[in-house]
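Topology and contacts: notes
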Amino acid sequence: MAHSFTRTLVALAVGSAMISPLLAADKGVNEVMVVSGSRMAQKLEDVSSPITVVTDKQIEEQGVSNAAELFRYEPGVTTVGGSGETSTFVIRGMSKNRVKVVQDGVRQNNAYSSGGVGQTYFDTDMIKQVEVAKGPSSAAYGSDALGGVIAITTKEASDVLKGKARHLEVSSGYQSASHQHSAGITGALRSGDVESLLRYTWRDGGVTQNHAGDQNEFDVLNHALLLKSKWHVSAEQFLQLSVNYLHEGMDPHHVDLPASSRVSTFDQPITDKKTDNLSVMLDHGIALNASWVDRVDSKLYYSRMKQDLDQYAFASRYYLTSFDSNRFEQESLGAQLKLAKEAGAHRLAWGMDYEHSNNERRRLKTAAFSGTFPDYDETSFPDTTTQRGALWAFDEVRFGQRWVLTPGLRYDYYRMKPDDDPAYTGSALKTFSDGELSPKLGLVYKAHPLANLFAQYSHGFKAPMYDEAFATLNHSGYFYRIEPNPDLNAERSDGIDAGVRGGNGRLNYELSAFYTQYKDFITSTYIGQEGRTTLYQYQNLDDVRTKGLEAKSDYWVSDMINVWGNLAYIEGKDGDGHYINELSPFKGSVGARLEQPNWNLNTALRFASRMDKVSQDSQGNDNIGAAGWAAWDIYAQFTPLPQLQLNVGVFNLLDKEYVNYESVAGKGAGSDVAQFTEPGRSLSARIKYQF
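Residues numbered from 1 in each chain as written. Predicted model: local features only at pLDDT ≥ 70, side-chain atom pairs only at ≥ 80, totals over all residues. Heavy atoms only, no water.

1. Focus on the overall build of the chain
Along the backbone of the chain there are five helices and 35 strands. Here the chain holds 691 residues, and 55% of them are scored as buried. (Helix = DSSP H or I, 4+ residues; strand = E, 2+ residues; numbered from the N terminus. Buried < 20%, exposed > 50% of the residue type's maximum accessible area, 1.4 Å probe, protein only.)

Printed below as a string of structure tokens:
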């Protein structure tokens, strides 16, 4: 009965999406400006590939309180993990460090999921706009943009001042899925030629709960601070200082250590986790209006992400318990230079990027019960220095009123040097260096306001990470070992997108298809046994291919009623014809919006089909799949006074129990997935007052 009900809901949802012929939910979709496609501002209608845009207005209306909820209604993009969890992004089946996360133009920390390090250490209340460029994006963003880019732009003083000399607002909210209370304050001031913004957000809650609400509970406390001060030196020149800081602390409600090493459960597996993410940026821009350049923009930045994690570990097969103290730290110093020039039909942008990073991982393993095994200090990888340098150029060429051609080219140089480490001998420890040319060519033909055709070829590049090339986990007590492989090749991808989009003020839509081929795909591989010890190593796969379809539209039935829908389908296989991990099932969402001068009411249905196109384990057995599901949401915004805004939402209104396949991809068939179910019925509420 449950499966029949789900299929009925999905069928109705797909039918509704076709009625409005296949999300923008914004009358001015063609006025949206994006930079993720070519490192220069473009109208969305001139971009030659699908780009998803999430604005601060949508974040407020949809009750978003963390990164996991940013793409709730965008089926081509998924966030795995919620509040208090190791969260990473998935774009068209590519995840973790194959997706590059950029905030205000600066690369964010690498994900290290086996060490509890995610990609979502930013606060959603500070976001002005998020852009998602799907598919290979190395021409614009270099290494790590193999499968796509998530580009975050934070708010500036001008975004809230809006012509005023000062602005002050306070907000408070609650989110039941993680029992989170939040409060924030934003102040902005313009004094002479200087305008400044200060935003502080406090969040106190727990982890995002599963459907049963029985996840191990932690106190999750967040402090986030954004400071931006911009000096308009003249009408042609500015200087801006930005400081962005987030601290997240996690502590269990209580920890009960079993009295014996032969007892197999802990009330809480993690005793303490602290994460600090800091970036400091100095931006300068000047309009020169010279014969060879119109404008020059530059950026200097420093960033540091540090995480300390204390954890009880347990091997139930051998009754071994340990206390692990872990540290991950990534520290970067970089510079960027961008020049721009308009000349006739050409709009050019070119520049250079450089970044130097130090990456460190330490782990001290101590027996929880004396005599169980000797203490030892280990590194998951040696301390490693990486250097990234790039030269890039883009051109937007217009042929008459209908053709827009966007060629781009980037050269990346990547160098990774491990420090000397006693855990390595001989050839296992050596410097890796590589260079790559990443071209891109996009074309838009504006055949009709309701039929703008677009096509794009793009190249992707991802150098091996230190936790892949130099990985070594020699768990003698747990009988497995990861062997380093310093001879890994860089991953490469080539993608083609083609589609059609259009709009006339009431109707906006986009329909696209894509095909991407990946070479030297890096994955963890079983390589053999040494007695009772199982050996693994990261190795290159010869070939991986993905393909799919994406569609979205919205239609204003009247000035008050908007209906919208979107769909995404993807599949992918390796060179042996096996499905790869982390692909998504057929997914979609449809909704309707009633808009009034002082309030709006929204309803949305999210759904996914059954997922049985799954990967296989080392013995050739199919991994776990996932059942189809549908969840219904309702959310609304009220502005009873010009200064007062209320947002409220009820998500998964029918309390459906379901699993997002991306959360369990790669797990063995028969695995218990109860802890990976999505929250049941949950409430989100927020109030904001402007002085």
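From this point on, the discussion continues.
2. A few points about the packing of aromatic side chains
Scanning all chains against the criterion turns up 13 aromatic pairs. Between Trp392 and Phe394, the ring centres sit 6.3 Å apart and the planes meet at 55°, which makes this aromatic pair tilted. Both residues of the pair, Trp392 and Phe394, belong to the buried class. Aromatic side chains Tyr518 and Phe521 sit 5.9 Å apart centroid to centroid with 70° between the ring planes, which places their arrangement in the edge-to-face category. Of the two residues, Tyr518 and Phe521, neither departs from the other in class, the shared state being buried. Clustering of aromatic rings is evident, with ring pairs tying together Tyr73, Trp564, Tyr635 and Phe651. Directly above the ring of Tyr141 sits Arg39, whose terminal nitrogen or CZ lies 5.6 Å from the centroid. (Phe/Tyr/Trp six-rings, centres within 6.5 Å; stacked < 30°, edge-to-face > 60°. Lys NZ or Arg CZ within 6 Å of the ring centre and 35° of its normal.)

3. Section: the sheet that holds strand β9 (residues 127-134)
Strands sit in the order β3-β9-β10-β7-β8 across an open sheet of five strands; the sheet is mixed. Sheet topology places β3 (51-55) and β8 (106-107) at the edges, where each strand pairs with a single neighbour. As defined by bridge partners, strand β7 (residues 99-103) adjoins strand β10 (residues 148-154) across five bridges and the pair is classed as parallel. Residue pairing across strands places Val101 opposite Ile150, the latter belonging to β10. (Pairing = 2+ DSSP bridges.)

4. Details of the sheet that holds strand β5 (residues 88-91)
Pairing in this open sheet of three strands is antiparallel, and the strands run β4-β5-β6 from one edge to the other. This sheet does not close on itself; its edge strands, each paired only once, are β4 (77-80) and β6 (94-95). With two bridges joining them, β5 and β6 adopt antiparallel strand pairing. Counted as the bridge partner of Ile91 is Met94 from β6.

5. Thoughts on the confidence of the model for the chain
Confidence along the chain averages 87 in pLDDT terms, with 87% of residues attaining 70 or more. For the chain, per-element mean pLDDT is lowest for helix α1 (residues 2-19), which scores 40, and highest for strand β34 (residues 644-651), which scores 98. Long-range and interchain partners of residues 260-268, a stretch whose pLDDT sits below 50, account for 28 contacts in this model, where long-range means more than four residues apart. Low pLDDT (under 50) marks residues 315-319, which in the prediction has seven contacts with non-local residues, meaning those over four places away or in another chain. (pLDDT = per-residue confidence, 0-100. Contact = heavy atoms within 4.5 Å.)

6. Regarding the pairing of β10
Of all the seven residues making up β10, six are buried; the element is thus mostly covered by neighbouring parts of the structure. Both β9 and β10 contribute to a ladder of seven bridges, which runs antiparallel. Of the residues in β10, the one forming a bridge with Ile127 is Thr154.

7. Some thoughts on the nonpolar core
Core analysis: the largest hydrophobic core is formed by 27 residues, its most contacted members being Val117, Phe328, Phe381, Met416, Tyr466 and Phe470. Where this core is concerned, the elements lending two or more residues are α4 (157-161), β14 (218-234), β22 (403-418) and α5 (466-469). With three residues, α4 is the single largest residue contributor to this core. (Core = buried A, V, L, I, M, F, W, Y, C linked by side-chain atoms within 4.5 Å.)

8. Here's the deal with unusual backbone geometry
Among all residues except glycine, the phi angle is most often negative; among peptide bonds, the trans geometry is most common. Unlike most non-glycine residues, Lys162 shows phi in positive territory, near 50°. Looking at the element boundaries, Lys162 is found in the loop between α4 and β11 (166-175). Positive phi values are uncommon outside glycine, yet Asp655 reaches one of about 60°.

9. Considerations on the pattern of salt bridges
Using the criterion set out here, one finds 47 salt bridges in the structure. A salt bridge links Arg388 to Glu355; the shortest N-O distance between them is 3.9 Å. Within this pair, whereas Arg388 is found in strand β21 (residues 384-399), its partner Glu355 is found in strand β19 (residues 346-367), the two being separated by 33 residues in sequence. With relative accessibility at 4%, the residue Glu355 sits in the buried group. The salt bridge involving Asp633 is made with Arg606; its shortest N-O contact spans 2.7 Å. Taken together, the residues Asp633 in strand β33 (residues 629-641) and Arg606 in strand β32 (residues 599-608) connect sequence positions 27 residues apart. Classification of Arg606 by relative accessible area gives buried; the value is 10%. (Salt bridge = Lys/Arg side-chain N within 4 Å of Asp/Glu carboxyl O.)

10. Focus on the environment of Pro464
Relative to the helices and strands, Pro464 resides in the loop between β24 (451-462) and α5. For Pro464, a relative accessible area of 1% corresponds to the buried category. The sequence separation of Pro464 and Pro486 amounts to 22 residues, and the corresponding C-alpha distance is 8.9 Å. Among all residues touching Pro464, those that are not within four sequence positions of it are Tyr414, Met416, Phe432, Leu488, Asn489, Ala490 and Ile522.

11. So, the side chain of Lys462
Secondary-structure assignment places Lys462 in strand β24. Side chain to side chain, Lys462 and Glu468 meet in a polar contact 3.4 Å long. Excluding residues that lie within four positions of it along the chain, Lys462 makes contacts with Asn97, Arg98, Ser143, Asp144, Leu146, Glu468, Ala490 and Glu491. (Polar contact = N/O pair within 3.5 Å; in protein donor to acceptor, adjacent residues only side chain to side chain.)

12. Comments concerning the environment of Glu491
You can see Glu491 is positioned in strand β27 (residues 491-503). On the basis of relative accessible area, Glu491 is assigned to the buried category, the value being 0%. Once the C-alpha coordinates of Glu491 and Leu146 are considered, the two residues, 345 residues apart in sequence, prove to be 7.8 Å apart. Looking at Glu491, its side chain comes within polar contact range of the side chain of Arg98, at 2.7 Å. Within the local environment of Glu491, its side chain forms a polar contact with the backbone nitrogen of Ile522, the two atoms lying 2.7 Å apart.

13. Looking at the side chain of Thr208
Following the sequence through the fold, Thr208 ends up in the loop between β13 (194-205) and β14. Thr208 gets classed as buried once you look at its relative accessible area, which sits at 16%. In terms of polar contacts, Thr208 uses its side chain to reach the backbone amide nitrogen of Ser83, at 2.7 Å. When neighbours within four sequence positions are excluded, Thr208 is seen to be in contact with Gly82, Ser83, Glu85, Ala177, Ser178, Gln215 and Pro679.

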